[in-house]
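Listed below are the residues making up each chain.
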Amino acid sequence: MLLKEANARLTQSELAHLGTGEVGYIRKMRFEEISRCFPEAPEVDPRLDLWALFGADGTPILLTDNRSSTFYKAAEDELQTVSLH
């Protein structure tokens, strides 16, 4: 109920920026998503497991084949991390 009440008081813009600069999320990337999220990324072997760090607003921050690197980058940027499945 408290979350529902908080959402009712936030504008769409405020909600979109909630957690910006404070929260980042980490998720495994599918090969097909790379060019859309990271257009500057070089050609990648489609068999690689890739991990990405995004800002709370969806801004791409890091793409790597090492999941631990996403946590190190988040800590460096002082972001609290959450994982999406």
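Structural data are supplied above this passage.
Presented here is an overview of the structure given in this document.

Calculation criteria
- Each chain has its residues counted from 1, following the order in which its sequence is written.
- Local features in this predicted model are restricted to residues of pLDDT 70 or higher, and side-chain atom pairs are both shown and tallied only at a pLDDT of 80 or more, whereas totals for entire chains, interfaces and linings draw on every residue.
- In computing side-chain values, all of the structure's heavy atoms are included and hydrogens and water are not.
- Basic side-chain nitrogens of Lys or Arg form a salt bridge, by our definition, when they fall within 4 Å of a carboxyl oxygen of Asp or Glu.
- Categorising residues by exposure relies on relative accessible area from a 1.4 Å probe, with only protein chains included: less than 20% of the type maximum marks a residue as buried, more than 50% marks it as exposed, and the intermediate range marks it as partly exposed.
- Two strands are said to pair when DSSP picks up at least two bridges between them.
- Secondary structure counts use DSSP, requiring at least four H or I residues in a row for a helix and at least two E residues in a row for a strand, with both numbered from the N terminus.
- We define the nonpolar core as a collection of buried residues of types Ala, Val, Leu, Ile, Met, Phe, Trp, Tyr and Cys that are connected through side-chain atoms lying within 4.5 Å of one another.
- We call two residues contacting when some pair of their heavy atoms lies within 4.5 Å.

Some words on the pattern of salt bridges
Reasoning step 1: Evaluated as defined, the whole model comprises seven salt bridges.
Reasoning step 2: The closest approach of N and O atoms between Glu33 and Arg36, which form a salt bridge, is 3.8 Å.
Reasoning step 3: In this structure, Asp45 and Arg47 form a salt bridge, with 2.8 Å as the shortest nitrogen-oxygen distance.
Reasoning step 4: Residue classification places Asp45 among the partly exposed residues on the basis of a relative accessible area of 31%.

Section: the pairing of strand E3 (residues 60–64)
Reasoning step 1: Across four bridges, strand E2 (residues 50–55) lies against E3 in antiparallel orientation. Its bridge partner lying in E3, Trp51 is registered against Thr64.

Remarks on the pairing of E2
Put simply, side chains in a regular strand alternate between the two faces of the sheet.
Reasoning step 1: Of all six residues in E2, six are buried; the element is thus mostly enclosed.
Reasoning step 2: Here E2 shows two buried faces, one formed by Leu50, Ala52 and Phe54 and the other by Trp51, Leu53 and Gly55.
Reasoning step 3: Pairing of strand E1 (residues 23–29) with E2 involves six bridges; the strand directions are antiparallel. Bridged to Ile26 within E2 is Leu53.

Notes on the nonpolar core
Reasoning step 1: In this structure, Tyr25, Met29, Ile34, Cys37, Phe38, Val44, Leu50, Ala52 and Phe54 together form the largest nonpolar core, which totals nine residues.
Reasoning step 2: By residue number, the principal contributor to this core is E2, which donates three residues.
Reasoning step 3: The contacts of Cys37, once residues within four sequence positions are left out, are Arg27, Met29, Phe54 and Pro60.
Reasoning step 4: With five residues, the next largest nonpolar core counts Trp51, Leu53, Ala74 and Leu79 among its residues.

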